[in-house]
Amino acid sequence: MAAREIMSGLELDGVAVRYGGVTAVRDVALAVEAGSVLGLIGPNGAGKTSLINAVTGIVGIDAGSIRLGGKRIDGIAPHRIARAGIARTYQNIRLFGALDVRTNVSAGAFTQSKVFDERAVRALLARVDLNEVDLDAPAASISYGDQRRLEIARALASNPTVILLDEPAAGMNPVETARLTSIIRTIAASGIGMLLIEHDMTLVRAACDAVVVLNFGEVIARGTPASIAVDPLVIEAYLGADTVAI
Amino acid sequence: MISFFTSHSKLFDQLAINALLALSLSVCLQAGQLALAQAAFMGIAAYIGAILAVSAGLPLLPCIAIGALASTLAAMLLALPVRGLRGVFLAIATIGFGEILRIVANNLKLTGGGEGLSQIPSDANTFVIYGALIIVCIALYLLSRTKFALAIALTREDETAARGVGVDTAGVRFWTLALGGAIAGIAGVLYAHSNFFITPADFGFGRMEQILVACVIGGSTSAIGAVVGSIVLTLLPETIRFLADYREVTNGAILLGVVLFAPQGIAGLWRRAKS
Amino acid sequence: MLLQQLVNGLVVGSVYALFAVGYTLVFGVLDILNLAHAAIFMIAAFATYALVAAGVPLWLAFLGGCLLAGLVGIALDRVAFAPLRRRNAGTLIPLISSIGVSIIIGAIARGIWGIDERHFPNALGDAPPIHLGAITVTTVELVTFGAALALMLGLSYVLRATALGRNIRAVAEDRVAAVLLGVDLEKTIAMTFFIASALGGAAGILTGLHYNSVTVDMGAGIELKGLAVIILGGMGSITGAVVGGFILGAVETLSVAYISSNWRDAIAFGVMFLILVLRPRGLFGKRALRAA
């Protein structure tokens, strides 16, 4: 190919993130295409959250580039990155707790000019399988699992190009995790790209098209969920050198 | 009935001015900013309004306009260096700002030093004061129907998540501080023009505490709460006057009671009662 | 002349440091800015005054005042802060709570002693000043400095070498972990308030002795100065409060001597504001700003 194809999704190239003397992320490259789900795994402290904080502009990058739909978004203020088409959920759930469910969902569409009536809110909640929830309840009062999915609904509200999911299955039982898997696959099928940070390998295997493995801030493996599960470097990173497979 | 109002007109004027001050703080509190500089903004406008009236003979409305403009500019200037501060740190920085201004006013000849300024024309009558309060209330009501109001609430609830959905939280913080400065400025000029004389002590930490207490009693995240709280705080000493020496203890006890048992303030109690 | 000013500054600074230590201790352990600290400063001075007026020897009255301050501190926590702890109330509410209590304490003091200035029947003040070379100090100043220093050293010992001190530091570091490790949270917090308030009260008594004046609003000035000190030193850092107190005392005294006394307080607040803007964690604060 003579010219590089403009990727419609998220593209990281040679990204480095440093805090003072510590290098949290070093020379990371990955790509999330529209309609696909990329898993980002690695032991605690590998740099995963630093990486997506860099993508959403919460921290700056010290090297490399981050592109969305071909346009650079590194170095831009977080609220502008959100407007550009990136939405996210948070490791420690960041809902607008005292505000009601309805407002939380429509807040996701803050950057859009369209008005969210009750039907549109219900439609979004249906996409995350939250059909029965009370729209007037304060977001902090609904159950933990519901809160996690409400966060995803909020992310969907902005009609994003890419959604970053930061450990959405944390604290979920297998039934809830299976439901989450099908929600993620359905969202991907609608054309949205997703970057999924997770520790739950069942979810990663079922939901992801490809996986990137991070350790000590560097990519140590990439491939399909099946291939990285038996990759010796990955196994060693997680569990030590004597384990057979994850 | 009429005579009740006229004999107590000073009290009712005070009430409206306190309500304006509480509103000016409420705007910042609603954005999650514990910015305690409203007394200082009030003072800036009060002094400018007083100086313009006394030395240049300016009538009331231009005094209000210029005074409020000055306090708004001061708020914008303050917003810049404190933009990275949150919570208690922001509170302390803004308190410090207020103290510095108070000491400056205490020492400048222009502001009359510790003696302050006197012979300020009392051209702010009850109608003007309540007119201003009503205008500010209408303006805030209109604001509450805009997207900016949602941005304020989101910034307050969770600043990171708000940025994540596209809210310019830095802008929200800047403009709410500026708005607070403007409203406090209006209150300041009205105060000066209804009180005959002003001193730097009128705009110090004591005043700031009163404004804060009014907001908290009424309900710190609602404008209505701010007004209600200031009504309670202004009228309470009068209604329990018979308790004489115990007035202050009662004030403190009520404050404590509200904080412990009704943390959302009176407005919160009302909301809970309705649902 | 310069040396004399520095010595004066040290005396003033020692009281600032003592007061600030109590302030910062509560903040470091509980994340609360206790605005009733200045009211306790004041009531301890009155308590000591009352004891002295009743014939109690000064050193005993001093201890009595500190003890009362400590007990008021425990009561303050029980009434105004403990109920809010269970509720996870944020930054603003405990602050307001402390304002409520300080209003009540002030009203009680005014009710008992009125608004007049009280003086100690001053055996200390009558002693001739002591000359050490180029420097002159009064007995009161010496006692003030000595007592403040002794109390701060005592605190340092408690924090470093006793089980209570270990518990306090554990709760300050990570409350949840401390509880998991078996620390009695409520008791530790109560003791923290006792110590912090006793120190703040001691600062009040020493100030009352130093200037031979006890009034109901004597806490007003130091309340805000105390903020400047702990910001300069770093919120939550005891060392910072001590160093900050001495620095502020020295800077203030020098500026009064060489510039003008009118702007003395503005310097404290100017420094405080600059620190918040440029280096919010102050000199020794380890805790990073709780940014959003």
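Residues numbered from 1 in each chain as written. Chains lettered and ligands numbered in written order. Predicted model: local features only at pLDDT ≥ 70, side-chain atom pairs only at ≥ 80, totals over all residues. Heavy atoms only, no water.

Student: So what exactly am I meant to see when it comes to the overall build of chain C here?
Tutor: Within chain C, the secondary structure is distributed over twelve helices and two strands. Its helices and strands taken in sequence order, chain C reads α-α-α-α-α-β-β-α-α-α-α-α-α-α from the N to the C terminus. The globule rule puts the C-alpha radius of gyration for 292 residues at 19 Å, and the 19 Å found for chain C is close to it. Counting only C-alpha atoms, chain C reaches 55 × 45 × 35 Å along its principal axes. (Helix = DSSP H or I, 4+ residues; strand = E, 2+ residues; numbered from the N terminus. Rg over C-alpha atoms; globule rule 2.2 N^0.38 Å.)

Student: Is there a simple way to think about the interface of chain A and chain B in this case?
Tutor: The accessible area lost on association of the parts is a frequent measure of interface size. Contacts between chain A and chain B engage 21 residues on the former and 17 residues on the latter. Regarding the contact of chain A and chain B, the summed buried area is about 1600 Å², with carbon and sulfur atoms giving 66% of it. Taken as a group, A:His79, A:Phe96 and A:Phe110 account for 41% of the area that chain A buries against chain B, more than any other trio of residues on that side. Our enumeration of links across chain A and chain B arrives at one salt bridge. A salt bridge links A:Arg94 to B:Asp158; its shortest N-O distance comes to 2.9 Å. Along the contact surface separating chain A from chain B lie five residue pairs in polar contact (both at pLDDT 80 or more). Counting only elements with at least two residues in the side of chain A that touches chain B, the list comes to helix 2 (78–84) and helix 3 (101–107) of chain A. Looking at the side of chain A that touches chain B, the element that brings in the most residues is helix 2 of chain A, giving four residues. The class makeup of the residues in the side of chain A that touches chain B is twelve nonpolar, six polar and three charged. (Contact = heavy atoms within 4.5 Å. Buried area = accessible area lost by both parts, 1.4 Å probe. Salt bridge = Lys/Arg side-chain N within 4 Å of Asp/Glu carboxyl O. Polar contact = N/O pair within 3.5 Å; in protein donor to acceptor, adjacent residues only side chain to side chain. Nonpolar A, V, L, I, M, F, W, Y, C, P; charged D, E, K, R; others polar.)

Student: Is there a simple way to explain the pairing of strand 7 (residues 162–166) of chain A in this structure?
Tutor: Residue and element names in this part refer to chain A. Burial of strand 7 is extensive: five of the five residues sit out of reach of the surface. Alternating positions in strand 7 separate into two faces, Val162, Leu164 and Asp166 on one and Ile163 and Leu165 on the other, with burial throughout. Summarising the sheet, strand 6 (residues 86–88) and strand 7 pair through three bridges and their orientation is parallel. Pairing of Ala87 across the sheet is with Ile163, part of strand 7. (Buried < 20%, exposed > 50% of the residue type's maximum accessible area, 1.4 Å probe, protein only. Pairing = 2+ DSSP bridges.)

Student: Would you mind going over the arrangement of the chains with me for this structure?
Tutor: Take the two pairs of chains in contact: the one carrying the most contacts is chains B and C. Taking C-alpha atoms as the reference, chain A and chain C come no closer than 11 Å and do not contact one another.

Student: Is there a simple way to think about the pairing of strand 9 (residues 210–215) of chain A in this case?
Tutor: Consecutive residues of a regular strand have side chains that alternate between opposite faces of the sheet. Residue and element names in this part refer to chain A. Along strand 9, five of the six residues are buried, which leaves the element largely enclosed by surrounding structure. Relative to strand 9, strand 3 (residues 37–41) runs parallel, the two sharing four bridges. When the sheet's bridge partners are listed, Ile41 is paired in strand 9 with Val213. Across five bridges, the pairing between strand 9 and strand 10 (residues 218–223) is antiparallel. Residue pairing across strands places Val213 opposite Ala221, the latter belonging to strand 10.

Student: Looking at this structure, how should I read the side chain of C:Glu252?
Tutor: Among the structural elements, C:Glu252 can be located in helix 11 (residues 238–258). Excluding residues within four positions of it along the chain, C:Glu252 makes contact with C:Tyr16, C:Lys225, C:Arg264, C:Asp265 and C:Ala268.

Student: When you look at helix 4 (residues 118–127) of chain A in this model, what are you seeing that I'm missing?
Tutor: Residues separated by three or four positions in an α-helix point in the same direction, a consequence of the helix having 3.6 residues per turn. All names here are of chain A. Burial in helix 4 covers these residues: Val121, Leu124 and Leu125. Around the axis of helix 4, the buried residues are gathered within 100 degrees of arc, so they sit on the same side. Residues of helix 4 that are buried sit in contact with helix 3 and helix 5 (144–157). At the exit of helix 4 stands Asp129, carrying a positive phi of roughly 65 degrees. (Arc of directions from axis to C-beta.)

Student: Whenever I open this one, the state of the cysteines confuses me. Can you help?
Tutor: Where two cysteines share a covalent bond between their sulfur atoms, that bond is called a disulfide. Using the criterion set out here, one finds zero disulfides over all chains in the structure. Here B:Cys215 is not cross-linked by a disulfide; its sulfur's nearest cysteine counterpart is in B:Cys28, at 9.6 Å. (Disulfide = S-S within 2.5 Å.)

Student: So what exactly am I meant to see when it comes to the packing of helix 6 (residues 139–161) of chain C against helix 9 (residues 185–211) of chain C here?
Tutor: All names here are of chain C. Packing of helix 6 against helix 9 leaves a shortest axis separation of 9 Å and a crossing angle of 170 degrees. Taken together, the axes of helix 6 and helix 9 are roughly antiparallel relative to one another. Two secondary-structure elements touch here, helix 6 through Val140, Glu141, Val143, Thr144, Ala147, Ala148, Leu151, Leu155 and Val158 and helix 9 through Ile195, Leu199, Ala202, Leu206, Leu209 and His210. Here the contact of helix 6 with helix 9 is built from residues that sort into twelve nonpolar, two polar and one charged. (Axes fitted to C-alpha atoms, helices over the stretch in contact; angles between N-to-C directions. Parallel < 35°, antiparallel > 145°, perpendicular 65-115°, else oblique.)

Student: What should I look at first to understand the nonpolar core in this one?
Tutor: The nonpolar side chains of a soluble globular protein tend to be buried with one another. Ranked by internal contacts, the top residues of the largest apolar core, which has 167 residues, are B:Phe41, B:Ile92, B:Leu190, B:Ile198, B:Leu212, C:Leu33 and C:Met235. Ranked by the residues each element gives to this core, the list is headed by helix 1 (residues 2–30) of chain C, at 14 residues. The contacts of C:Met235, once residues within four sequence positions are left out, are B:Val88, B:Phe89, B:Ile92, C:Thr24, C:Phe27, C:Leu33 and C:Ile230. Counting 47 residues, the second largest nonpolar core, distinct from the first, contains A:Val105, A:Leu130, A:Met201 and A:Val204. (Core = buried A, V, L, I, M, F, W, Y, C linked by side-chain atoms within 4.5 Å.)

Student: Help me understand the sheet that holds strand 1 (residues 10–19) of chain A in this model?
Tutor: Within a sheet, adjacent strands bond to each other through the backbone by hydrogen bonds, running parallel or antiparallel. Residue and element names in this part refer to chain A. Here four strands make up an open sheet; going across it, the order is 2-1-4-5 and the pairing antiparallel. Strands at the two margins of the open sheet, each flanked by one partner only, are strand 2 (22–32) and strand 5 (71–72). Pairing geometry for strand 1 and strand 4 (residues 63–68), over five bridges, is antiparallel. Its bridge partner lying in strand 4, Asp13 is registered against Ser65. Relative to the sheet, helix 1 (residues 48–55) contacts strand 1, strand 2 and strand 4, its axis offset from that of strand 1 by approximately 115 degrees.

Student: I tried to follow the interface of chain B and chain C on my own but got confused; where do I start?
Tutor: Across the boundary between the two partners, chain B contributes 39 residues, which contact 42 residues of chain C. When the two sides are added together, the surface that chain B and chain C hide from each other amounts to roughly 3600 Å², 82% of it contributed by carbon and sulfur. For the interface between chain B and chain C, the tally reads zero salt bridges. For the interface between chain B and chain C, the tally reads zero residue pairs in polar contact (both at pLDDT 80 or more). Elements supplying a minimum of two residues to the side of chain B that touches chain C: helix 5 (87–107), helix 8 (159–164), helix 10 (205–218) and helix 12 (247–261) of chain B. For the side of chain B that touches chain C, the element with the highest residue contribution is helix 5 of chain B, accounting for twelve residues. Class assignment of the residues belonging to the side of chain B that touches chain C gives a composition of 27 nonpolar, six polar and six charged.

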